[in-house]
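Coordinate inspection notes
Here is how the chains run, residue by residue.
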Amino acid sequence: MSDAETDPPADPSRAQAIAFVGHLEALATQLAQQVEALEASAADPLARRRQRLVDDAKQRRLELYETRHHIEALQSRYGLEPCTS
C-alpha cells in the first residue's frame, strides 16, 4: 500500500482555506501597490485632485488591513504557515 492510500483524507475546509489565503495574498499585494501609487500621486505638487487621491489611498489602506486580518484569521484557524513574502 502506498502512503497516499493510508493517509487520512485531506480536510476540504483546510484545502479551501489554503486556496482562499492565496487569493487574499494576491489581493493584498495589489492593494499595497495601489496605496503606494495613490500616495505617490498625491505627493506630486502638480496633483490636481490631491485630497481625492489621499482619500482613495486611505480607503485602499483600510481594505489592505482588513484583507491581512482575514489572512491571519484563516492561518490561525487552520494552522497554516504565514507567507514570508
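Residues numbered from 1 in each chain as written. Predicted model: local features only at pLDDT ≥ 70, side-chain atom pairs only at ≥ 80, totals over all residues. Heavy atoms only, no water.

1. Details of the overall build of the chain
Let me state the cut-off plainly: The helix and strand labels rest on DSSP assignments: H or I over at least four residues marks a helix, E over at least two residues marks a strand, and numbering proceeds from the N terminus. A 1.4 Å probe rolled over the protein chains alone gives each residue an accessible area, and that area as a share of the maximum for its type sets the label: buried under 20%, exposed over 50%, partly exposed in between. A contact between two residues is defined here by any heavy atoms of the two lying within 4.5 Å. All accessibility values rest on the Shrake-Rupley procedure with a 1.4 Å probe; residue burial counts only the protein chains present in the view.
In terms of regular secondary structure, the chain is built from three helices and zero strands. Ordered by position from the N terminus, the helices and strands of the chain form the series α-α-α. The proportion of buried residues among the 85 residues of the chain is 19%. For the chain, long-range pairs separated by at least 24 residues make up 65% of all intrachain contacts whose partners lie at least 6 apart in sequence. Only carbon and sulfur atoms are counted for the fraction: they give 52% of the accessible area of the chain, which is about 6700 Å².

2. Some points on the pattern of salt bridges
Selection criterion: We define a salt bridge as a contact between a side-chain nitrogen of Lys or Arg and a carboxyl oxygen of Asp or Glu at a distance within 4 Å.
All chains considered together, the criterion is met by two salt bridges. When the shortest N-O distance is used, the salt bridge between Arg61 and Glu39 registers 2.6 Å. Residue Arg61 is found in helix H3 (residues 50–78), and its partner Glu39 is found in helix H2 (residues 12–43); the two are separated by 22 residues along the sequence. For Arg61, a relative accessible area of 27% gives the class partly exposed.

3. A few points about H3
Stated formally: Multiplying one less than the number of residues by 1.5 Å gives the expected span of a helix.
In this model, H3 (29 residues) spans 42 Å end to end at C-alpha, consistent with the 42 Å of a helix rising 1.5 Å per residue. If you check which residues of H3 are buried, you get Ala57, Leu64, Thr67, Ile71, Leu74 and Gln75. Against H2 lie the buried residues of H3. Positive backbone phi, approximately 65 degrees, marks Gly79, located one or two places after H3.

4. Focus on the confidence of the model for the chain
We count it as follows: On a scale of 0 to 100, pLDDT captures the predictor's confidence in every residue.
Averaged over every residue, the pLDDT of the chain is 89; the share at 70 or more is 87%. Helix H1 (residues 3–6) is the least confidently modelled element of the chain, averaging 49 in pLDDT, while H3 averages 97, the highest of any element.

5. Quick look at H2
Compared with an ideal rise of 1.5 Å per residue, which puts 32 residues at 46 Å, H2 spans 46 Å between its outermost C-alpha atoms and is within 8% of the ideal. Buried within H2 we find Ala17, Val21, Leu24, Ala28, Leu31, Val35, Leu38 and Ala42. For H2, the secondary structure elements touched by its buried residues are H3.

6. Quick notes on the packing of aromatic side chains
Under the convention used in this document: By convention, a stacked pair of Phe, Tyr or Trp rings (six-membered ring in the case of Trp) has centres within 6.5 Å and planes under 30 degrees apart, an edge-to-face pair has planes over 60 apart, and any other such pair is tilted. Charge over a ring is defined by NZ of Lys or CZ of Arg lying within 6 Å of the ring centre and within 35 degrees of the ring normal.
Overall, the coordinates contain zero aromatic pairs when judged by the stated rule. When the ring centre of Tyr78 is taken as reference, the NZ or CZ atom of Arg77 above it lies at 4.8 Å.

7. Observations concerning the environment of Glu66
Mapping Glu66 onto the fold places it in helix H3. In this structure Glu66 comes out as partly exposed when scored by relative accessible area, which is 42%. Sequence spacing of Glu66 and Ala28 is 38 residues, and the spatial spacing of their C-alpha atoms is 9.3 Å.

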